[in-house]
Amino acid sequence: MNTFLRYTLCALAVTALLLGGASTSALADTSTESTATDAHEIGVTDLTVDITDVHLTGSGFPELEIDDASYTIDDATLSTDGATVSIDGRDHQIGAIEFTVDNVGFHLENITIGPETAS
């Protein structure tokens, strides 16, 4: 698995964790501790994501240009037994998450990433 595909899969996993955390925080009470939610299974199947004409700059970004590229994740699963997230001094526990990706494609066109430049 190449580096870009690995970063993309990690971004999807983090998104899933954040979505799970958001649902946990909405249900949390005002105490400083909460209990873990039940296990969650998240699946993304037969999806194609097109990203076109994106230009990102930021501190520490590498310089990268993608004219036209396509990537496909045939089958991948990321599992965690749970996690604890601390937001504003309150702990939120996320139960076990299994994130499965099956036949998901990414098509990138006219993408540039680069470090910030002084104006």
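Provided above is the structure to which this section pertains.
This write-up is about the structure you can find in this document. This structure is a prediction, so every number in the text was calculated from the model and none was measured.

1. Some remarks on a negative patch on the surface
On the surface, a cluster of negative charge is contributed by D50, D53, E63, E65, D67, D68 and E109. Taken together, the elements giving at least two residues each to the negative patch come down to β1 (40-58) and β2 (64-80). With 3 residues, the single largest contributor to the negative patch is β2. With relative accessibility at 53%, the residue D50 sits in the exposed group.

2. Topic: the pairing of strand β3 (residues 83-87)
Bridge count between β3 and strand β4 (residues 90-94): 5 bridges; the pairing is antiparallel. Within β4, the residue paired with A83 across the bridge is I94.

3. Some thoughts on the environment of L56
Mapping L56 onto the fold places it in strand β1. Each C-alpha atom of the pair L56 and T112 lies 6.3 Å from the other, and the pair is 56 residues apart in sequence. The residues touching L56, leaving out its near neighbours within four places in the chain, are F61, T112, I113 and G114.

Conventions adopted
- Residues numbered from 1 in each chain as written.
- Predicted model: local features only at pLDDT ≥ 70, side-chain atom pairs only at ≥ 80, totals over all residues.
- Heavy atoms only, no water.
- Patch = residues over 30% accessible without salt bridge, like charges linked within 9 Å, V, L, I, M, F, W, Y side chains within 5 Å.
- Areas by Shrake-Rupley, 256 points an atom, 1.4 Å probe, with all protein chains shown as cover.
- Salt bridge = Lys/Arg side-chain N within 4 Å of Asp/Glu carboxyl O.
- Lys, Arg positive; Asp, Glu negative; His and termini not counted.
- Charge placed at Lys NZ, Arg CZ, Asp CG, Glu CD.
- Helix = DSSP H or I, 4+ residues; strand = E, 2+ residues; numbered from the N terminus.
- Buried < 20%, exposed > 50% of the residue type's maximum accessible area, 1.4 Å probe, protein only.
- Pairing = 2+ DSSP bridges.
- Contact = heavy atoms within 4.5 Å.

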